[in-house]
Amino acid sequence: MKTYNVAIMGATGAVGQQMKEQLEKRNFPVKDIVFLSSSRSAGKEIDFNGKTFTVQEAKPESFEGIDIALFSAGGSVSEKFAPEAVKRGAVVIDNTSAFRMDKEVPLVVPEVNKSDLGLHKGIIANPNCSTIQMVCALQPLKEQFGMTKIVVSTYQAVSGAGIDAINELKTQSGDFDNAKNAEANMLPVKSAARHYPIAFNAIPQIDQFTDNGYTFEEMKMINETKKIMHDDSLAVAATCVRLPVVTGHSESVYVELEETATVEQIKQAMVDAPGVELMDDPSNQVYPMPLMAAGLDEVFVGRIRQDLDNPNGFHLWVVSDNLVKGAALNSVQIAEALIEESII
């Protein structure tokens, strides 16, 4: 079996650590691996497949001889170093928003649009975590019945905002009476003028607001869904909310189909969909929840109902670990698909 030299950019972050774990778990054919970070984290040690590696400060020459570079260190870092990696022969799989809407860069969820990988020019973008789990669940419906409209409300975990946000949630969660006045420095956005406690709370803002009243997170879901599904005519609306959950994003999704379908047909489509697991037995209170999805690979779907007023409308509840399938796993699956399709 051919093996590959791999680099992880942002190796000490939450997603970088998950990327390392997914490479190990899935027995990815690694010849050699390099862990890269900013100067602040350089020098730390990481164990991989029984060996200990020292994290190196990222420099352009760090990518010499690298075949596949997994990036998750922020958009500005990707913009700086991804082209340098490509110059040196690496294929970059980028987990930031830096290249997602670039017309020259494929935006890929392997279960949905693996064929787009052949269009890459050195960089492949990993979609937003919320987008990934939604399109995994909806693509089978679009293929079988056609789809005209998606309305999604997300209930997103604080891990999507980083380790500091997780720590802030834990600190604030001790006392409900004091939560309103708890110190808050991270959410909804670290760079925002105002911050709110997340413990015992729900914050209807993820990322900054755009001129149209939607947040950048919501616009990511809207635009990325259309790009991945190859359908600019698809109507998509999103509302993204942060909840006091550590790991696992949940989504309430409403879809309108072109053709008539039954709830049983929708359920069967979920059973047949790659990477999706149906959890839908309301009479026994079986449905997906972020706590049980944490650490797992699958996208879980339940609470499937036909709309009471529109026979072609259906409601679904979609849950997945945002750090696993929503980030690290999808990146590694892209790398696996490059090998499977003989693209690299």
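Residues numbered from 1 in each chain as written. Predicted model: local features only at pLDDT ≥ 70, side-chain atom pairs only at ≥ 80, totals over all residues. Heavy atoms only, no water.

S.K.: Looking at this structure, how should I read the packing of helix H4 (residues 129-145) against helix H8 (residues 263-272)?
M.R.: The angle between the axes and the distance between the axes are what describe a pair of packed helices. Orientation of H4 relative to H8, taken along the N-to-C sense of each, is 120 degrees, at an axis distance of 9 Å. As far as their axial angle goes, H8 and H4 are oblique. Relative to H8, H4 is oriented so that their crossing is right-handed. In contact with Ala137, Pro140, Leu141, Gln144 and Phe145 of H4, H8 contributes Gln265, Ile266, Ala269 and Met270. Of the residues in the contact of H4 with H8, the class split is 7 nonpolar, 2 polar and no charged. (Axes fitted to C-alpha atoms, helices over the stretch in contact; angles between N-to-C directions. Helix = DSSP H or I, 4+ residues; strand = E, 2+ residues; numbered from the N terminus. Parallel < 35°, antiparallel > 145°, perpendicular 65-115°, else oblique. Left-handed = near helix turned anticlockwise from the far one by under 90°. Contact = heavy atoms within 4.5 Å. Nonpolar A, V, L, I, M, F, W, Y, C, P; charged D, E, K, R; others polar.)

S.K.: Would you take a moment to explain unusual backbone geometry for this structure?
M.R.: Working note: non-glycine residues mostly have negative phi, and peptide bonds are mostly trans. Along the chain, Leu187 connects to Pro188 via a cis peptide bond; the corresponding omega equals 10 degrees. Mapped onto the fold, Pro188 is located in the loop between helix H6 (176-179) and helix H7 (216-228). In this model, Asn27 sits at a positive phi of 50 degrees, which is unusual for a non-glycine residue. A residue is classified by how much of its surface remains accessible, and Asn27, at 65% relative accessible area, is exposed. Positioned with a positive phi, Gln285 is a non-glycine residue whose angle comes to about 55 degrees. Mapped onto the secondary structure, Gln285 falls in the loop between strand E12 (276-278) and helix H9 (290-293). In this structure Gln285 comes out as exposed when scored by relative accessible area, which is 60%. (Buried < 20%, exposed > 50% of the residue type's maximum accessible area, 1.4 Å probe, protein only.)

S.K.: Explain the sheet that holds strand E5 (residues 56-57) here, please?
M.R.: Two modes of strand pairing occur in sheets, parallel and antiparallel, and in both the strands are linked by backbone hydrogen bonds. In spatial order, the strands read E5-E2-E1-E6-E7-E8; together these 6 strands make up an open sheet with parallel pairing. A strand with exactly one partner marks an edge of an open sheet, and here the two such strands are E5 and strand E8 (123-125). In the sheet, strand E1 (residues 4-9) pairs with strand E6 (residues 68-71) via 4 bridges, with the strands oriented parallel. Its bridge partner being in E6, Ile8 is matched across the sheet by Leu70. Packing of helix H1 (residues 14-25) onto the sheet brings it into contact with E1, strand E2 (30-37) and E6, and relative to E1 it is tilted by some 155 degrees. The strands touched by helix H10 (residues 324-340) are E1, E6, strand E7 (91-94) and E8; relative to E7, the strand with the most contacts, the crossing angle is about 150 degrees. (Pairing = 2+ DSSP bridges.)

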